[in-house]
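# Overview (structure and organization)
Chain residues, written in single-letter form:
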Amino acid sequence: MASDRLRTLARHLKDQKNEVSPVAVTSTYAQSGDSIQYIKRNSLLSPEQVNFYNENGFLVIKKLVSDDKLDRYKQRFETICRGDVKVPGMTVMKDVSIKASEYVKGEKAINKIQELYTDPVLFEYCCLPEILEYVECFTGPNIKAMHSMLINKPPDPGTLTSRHPLHQDLYYFPFRPAEDVVGVWTAMEKIHRANGCLVVIPGSHKGKLLDHAYPDWEMGVNKAYHGIQEFDPNSPRVYLEMEKGDTVFFHPLLIHGSGSNKTKGFRKAISCHYASADCYFIDVKGTNQENVEQEIQEVIHKKYGSGVNVSYQDVWRVRSRLVRGEDIST
């Protein structure tokens, strides 16, 4: 059974033109007897795609987003970085390796922007019908965009700070159930191992939410780049090498990260997490998510003053935007 699954996964990734060694795609997390189904609607996906996602926790759709749309988002990002456009409410982040430098300007100074809903051009990505048609397969018909960002992974200066440690996105989210949440990540250019492509551990979405913290790396990592603390370092990994416009859909418990950018260029991707509109919020106090809640509260107090009290759940309520169907949450 395990060998059949291995051959199926290797064949699928080969069809997707990902250069993956079959040795790298076995999973210690997936259980062949697991009957959990993660797809809400099957009319768009083939039975093979449904089975692949159920078993592995991710699915790549080739050339889903057109070049002209991605070029439009890239140009908008560049104008924001230059300061030609001011976007109130947008979070702009600098890479840890250059954040203290006053000489790095424009695009070279920015490694990520978040809250794309604050900008009408970039938020178009989160509302694209071609994306939402697939998102509906995972969330059902009533969809909220919960978290959006454009990632501009910089060339690594030799510190390896451009890496993103292996993590699970559900760690950051105070809403459930996990099966009604899906991450969407689109390559804005050719992405490969040299410029820091995504790496995933197939089948890990069938496990539990693990403990996260900042990794003990010599030069540190970027803000909020928490990583899983205890997992098998020999867990087989799949490197998702993607062409411009290729889009991966993945479960929020899927263990994933990205390597350092060893090229001279900036590696760009655009991403949004979606949830069913009837997802509910949870209290993360006393759980392994409490430390990230505390970090977000510290950021809020630093930005707005210690007298400002906003719950972690309200932070996410403010971020969310209905992008399809009806808001049936209470």
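Treat the numbers as computed from the prediction; the structure is a model and nothing was measured.

Within the chain, residue pLDDT values average 84, and 82% of them lie at 70 or more. This stretch, residues 1–12, has a pLDDT under 50; its non-local contacts, to residues over four places away or in other chains, come to 21 contacts. With pLDDT under 50 throughout, residues 14–33 is counted as low confidence; its partners more than four residues away or in other chains account for 49 contacts.

Here we take up the nonpolar core. The nonpolar side chains of soluble globular proteins are, as a tendency, buried together. Residues Tyr 125, Trp 185 and Tyr 274 are the most contacted members of the largest nonpolar core, which totals 62 residues. With 16 residues, the next largest nonpolar core counts Val 181, Leu 209, Leu 253 and Ala 275 among its residues.

Let us now look at the pattern of salt bridges. Where charged atoms from two side chains of opposite charge come close, those side chains can pair. With the rule as written, the count across this model stands at 16 salt bridges. Among the ionic pairs, Lys 206 bridges to Glu 55, the shortest N-O distance being 3.3 Å. One end of the pair, Lys 206, is in the loop between strand 8 (198–200) and strand 9 (212–213); the other, Glu 55, is in helix 2 (residues 47–56), with 151 residues separating them in the sequence. Between Asp 84 and Arg 82 there is a salt bridge whose closest N-O contact spans 2.8 Å. Here Asp 84 falls in the exposed class, since its relative accessible area comes to 51%.

Attention now goes to the packing of aromatic side chains. This structure, assessed with the given rule, holds eleven aromatic pairs. Each ring, one from Tyr 134 and one from Phe 249, has its centre 5.5 Å from the other, and the planes form 35°; the classification is tilted. With Tyr 134 in helix 5 (residues 129–139) and Phe 249 in strand 12 (residues 247–250), the pair connects residues that are 115 residues apart, well separated along the chain. With a relative accessible area of 0%, Phe 249 lands in the buried category. Through successive ring pairs, a cluster of aromatic residues spans Tyr 38, Tyr 53, Tyr 134, Phe 138 and Phe 249. Across the ring face of Tyr 239, the terminal group of Arg 193 is positioned such that the distance to the ring centre comes to 3.6 Å. A cation over a ring is seen here: Arg 321 above Tyr 117, with NZ or CZ 4.0 Å from the ring centre.

Let us now look at unusual backbone geometry. Glycine aside, residues mostly have negative phi angles, and peptide bonds mostly take the trans form. Residue Arg 176 is joined to Pro 177 through a cis peptide bond whose omega torsion reads 5°. For Lys 63, which is not glycine, the phi dihedral falls at a positive 50°. The phi torsion at Glu 115 lies on the positive side, around 65°, for a residue other than glycine. Since its relative accessible area comes to 5%, Glu 115 is described here as buried.

Another aspect to go through is the side chain of His 256. Its place among the elements puts His 256 in strand 13 (residues 256–258). Using a relative accessible area of 6% as the deciding quantity, one classes His 256 as buried. Here Leu 254 takes part through its backbone oxygen, which lies 3.0 Å from a polar atom of the side chain of His 256. Excluding its chain neighbours within four sequence positions, the residues that come into contact with His 256 are Pro 165, Leu 166, His 167, Asp 169, Val 199, Val 200 and Phe 250.

Moving on: the sheet that holds strand 11 (residues 238–240). Strand order in the open sheet formed by four strands is 5-13-8-11, with antiparallel pairing between adjacent strands. With partners counted over all chains shown, the strands left at the sheet margins are strand 5 (164–167) and strand 11, one partner each. Between one strand axis and the next, the sheet turns by 25° as a mean value, whatever way the strands run. In the sheet, strand 5 pairs with strand 13 via two bridges, with the strands oriented antiparallel. By the bridge assignment for strand 13, His 164 is matched with Ser 258.

Let's shift gears to the pairing of strand 7 (residues 181–187). With seven of seven residues buried, strand 7 is to be regarded as a mostly interior element. With four bridges joining them, strand 7 and strand 12 adopt antiparallel strand pairing. Looking at the pairing, Val 184 lines up with Phe 249 of strand 12.

Moving on: the environment of Val 85. Mapped onto the elements, Val 85 comes out in the loop between helix 3 (67–82) and strand 2 (91–93). For the pair Val 85 and Asp 119, spaced 34 residues apart in the sequence, the C-alpha separation amounts to 9.8 Å. Ignoring sequence-local partners within four residues, the contact set of Val 85 consists of Arg 76, Thr 79 and Ile 80.

About the thresholds
- Residues numbered from 1 in each chain as written.
- Predicted model: local features only at pLDDT ≥ 70, side-chain atom pairs only at ≥ 80, totals over all residues.
- Heavy atoms only, no water.
- pLDDT = per-residue confidence, 0-100.
- Contact = heavy atoms within 4.5 Å.
- Core = buried A, V, L, I, M, F, W, Y, C linked by side-chain atoms within 4.5 Å.
- Buried < 20%, exposed > 50% of the residue type's maximum accessible area, 1.4 Å probe, protein only.
- Salt bridge = Lys/Arg side-chain N within 4 Å of Asp/Glu carboxyl O.
- Helix = DSSP H or I, 4+ residues; strand = E, 2+ residues; numbered from the N terminus.
- Phe/Tyr/Trp six-rings, centres within 6.5 Å; stacked < 30°, edge-to-face > 60°.
- Lys NZ or Arg CZ within 6 Å of the ring centre and 35° of its normal.
- Polar contact = N/O pair within 3.5 Å; in protein donor to acceptor, adjacent residues only side chain to side chain.
- Pairing = 2+ DSSP bridges.
- Axes fitted to C-alpha atoms, helices over the stretch in contact; angles between N-to-C directions.

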